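# Tertiary structure, described
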Amino acid sequence: LCARLRGARVEVVGSLDGGPRTNDRYRRHVSATRGSAYEAVWERLSGLPREGLSLNVVLRPDGLEHLLGEVRAFQAAGFKTIDFWVDYFSSWDEAGLAALARFFAGLKEYCAARAAQGLPFDIPMIRHAVLNARARAKGRAWWEVCGKLVLGADGSFYACEGSIAVPYGQAAAHRIGDPERGVDWEKRAAYMRRAGAALEALGAGRRWQHVCPRVYYRVAEQSGVELAPLLDNLHRVSEVYCGGLMTIVGALRDNPVFRTAYL
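What this report covers is the structure whose coordinates are included nearby. Each chain carries its own residue numbering, running from 1 in the written order of its sequence. A pLDDT threshold of at least 70 governs which residues receive local features in this predicted model, and a stricter bar of 80 or more applies before side-chain atom pairs are shown or counted, although totals over entire chains, interfaces and linings include all residues. Side-chain measures here rest on the full set of heavy atoms in the structure, leaving out hydrogens and waters.

## Examining helix α6 (residues 125-137)
Operational definition: For helices the rule is a DSSP run of H or I covering at least 4 residues; for strands it is a run of E covering at least 2, with both sets numbered from the N terminus onward. The length a helix should cover is 1.5 Å for every residue beyond the first. Buried means the residue's accessible area, taken with a 1.4 Å probe over protein chains only, is under 20% of the maximum for its type, while exposed means over 50%, and partly exposed covers the values in between. Only heavy atoms enter the contact rule, under which two residues are in contact if any of them lie within 4.5 Å.
Between its terminal C-alpha atoms α6 stretches 18 Å, which fits the 18 Å expected from 13 residues at 1.5 Å a residue. Along α6, the residues that are buried comprise Met-125, Ile-126, His-128, Ala-129, Val-130, Asn-132, Ala-133 and Ala-135. For α6, the secondary structure elements touched by its buried residues are β3 (81-86), α9 (227-252) and α10 (256-262). Trailing α6 by a residue or two, Gly-139 shows a phi angle of about 80 degrees, which is positive.

Printed below as a string of structure tokens:
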């Protein structure tokens, strides 16, 4: 199956949030009697060719102590693309933010030490941080123009990535079409204007964001919670996260391999 997907140019991504002690704290096996979710996933990944096979790692406030060593182990196991995402809805206190900054400082040193021999692995989110930085330098938000639609597992279209935070069973009012009947573009445009106005009123357009803040707007709209604290948490962690990625850019920007890949 993996070979067929790669033959169709479909990217195959596994998700492991570090080693077993980190991963299994958050990701539990569907069957309580079958042990470690990490071991179950690793068993399936271990026999697959590494070409075109990526890993996603989710960063959480209390899962960073051993993560750099675990990421290095993934690289040693042959993974050529390892991406990093921040847990959208964890509450990041000062200790968690400090741990995140230490992780990126260590990752920068690791990448810089390996750069002469070629980058250890591709980090796609570096491109996002560069996009974010370039947009902010021009006085605008990277998410202002959105060409995305979400095709949900229920077969319906939703307006943008903000919809991924809402369970399908609670999202009937947010559907904007389906593949057979097409898209209600006016309904989508009305939502995008409404979300954009609310986010801009809170200053979101002038801040770092590791994900589109419409995710938080949709959650606040759906659940009735206040939007401002959600955005504050997003912006605090994004400054450390995007800042950490940009320190890697700063350290390696003169490396020709890095410039070709990211700049």
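## Digging into helix α4 (residues 67-76)
Note the cut-off: Working note: the arc is built from the helix axis to C-beta atom directions.
Of the positions making up α4, those classed as buried are Leu-67, Glu-70, Val-71, Phe-74 and Gln-75. Down the axis of α4, the smallest arc covering the buried residues is 150 degrees, so these residues share one side. Looking at the buried side of α4, the elements it contacts are α2 (20-26), α3 (37-46), β2 (53-59), β3 and α5 (94-114).

## Here's the deal with the pattern of salt bridges
The criterion, for reference: Salt bridge, as applied in this entry: a Lys or Arg side-chain nitrogen positioned within 4 Å of an Asp or Glu carboxyl oxygen.
Across all of its chains, the model carries 16 salt bridges by this definition. One salt bridge in this structure joins Arg-27 and Asp-17, with 2.8 Å as the shortest N-O distance. Separated by 10 residues along the polypeptide, Arg-27 in the loop between α2 and α3 and Asp-17 in the loop between β1 (12-15) and α2 bring together distant segments of the chain. Taking relative accessible area as the criterion, Arg-27 reaches 29% and is therefore assigned partly exposed. As a salt-bridge pair, Arg-175 and Asp-154 come within 3.5 Å of each other at their nearest N and O atoms. Note that Arg-175 is positioned in strand β6 (residues 175-178) and Asp-154 in the loop between β4 (150-151) and β5 (157-158), a separation of 21 residues in sequence. Each of Asp-17, Arg-27, Arg-60 and Asp-87 takes part in salt bridges that share partners, so that together they form one network.

## Examining the nonpolar core
The condition that has to hold: Nine residue types can take part in a nonpolar core, namely buried Ala, Val, Leu, Ile, Met, Phe, Trp, Tyr and Cys, and a core is a set of them joined through side-chain atoms within 4.5 Å.
In terms of nonpolar packing, the biggest core is built from 44 residues, with Leu-59, Phe-84, Leu-107, Ile-123, Ile-126 and Tyr-241 touching the most fellow members. Only α3, β2, α4, β3, α5, α6, α9 and α10 provide two or more residues apiece to this core. Looking at which element gives the most residues to this core, the answer is α5, with 8 residues. The residues touching Ile-123, leaving out its near neighbours within four places in the chain, are Ile-82, Asp-83, Phe-84, Leu-107, Cys-111, Leu-245 and Tyr-262.

## What to know about the packing of α5 against α9
Note the threshold: Lines fitted to the C-alpha atoms define the axes, with helices restricted to the stretch that makes contact. Angles between their N-to-C directions range from 0 to 180 degrees. Angles are sorted into four bins: roughly parallel if under 35 degrees, roughly antiparallel if over 145, roughly perpendicular if 65 to 115, and oblique for all others. Should the near helix be turned anticlockwise from the far one by less than a right angle, the crossing is left-handed, and should it be turned clockwise, the crossing is right-handed. Just so you know the grouping, Ala, Val, Leu, Ile, Met, Phe, Trp, Tyr, Cys and Pro go in nonpolar, Asp, Glu, Lys and Arg go in charged, and all remaining residues, Gly too, go in polar.
Where α5 contacts α9, the axes come no closer than 9 Å and their chain directions differ by 15 degrees. Viewed along their axes, α5 and α9 adopt a mutual orientation that is roughly parallel. Considering only the axes of α5 and α9, their crossing is right-handed. Across the interface between the two elements, Glu-94, Leu-97, Leu-100, Ala-101, Phe-104, Leu-107, Lys-108, Cys-111 and Ala-112 from α5 touch Arg-236, Val-237, Val-240, Tyr-241, Gly-244, Leu-245, Thr-247, Ile-248, Ala-251 and Leu-252 from α9. Taken together, the residues of the contact of α5 with α9 sort by class into 14 nonpolar, 2 polar and 3 charged.

## As for the packing of α6 against α9
The interhelical angle for the contact between α6 and α9, taken along N-to-C directions, is 100 degrees, at an axis separation of 9 Å. One way to sum up the angle between α6 and α9 is to call them roughly perpendicular. Across from Met-125, Ile-126, Ala-129, Val-130, Asn-132 and Ala-133 in α6, the residues of α9 making contact are Tyr-241, Cys-242, Leu-245, Met-246, Ile-248 and Val-249.

## With respect to the side chain of Ser-90
Put simply, the test is: Polar contact is defined as a pair of N or O atoms within 3.5 Å, subject to the rule that within protein one atom must be able to donate a hydrogen and the other to accept it, and that residues adjacent in sequence are counted only when both atoms are side-chain atoms.
Structurally, Ser-90 is set in the loop between β3 and α5. Note on Ser-90: relative accessible area 15%, which makes it buried. Among the polar contacts made by the side chain of Ser-90, one reaches the side chain of Asp-87 at a distance of 2.6 Å.

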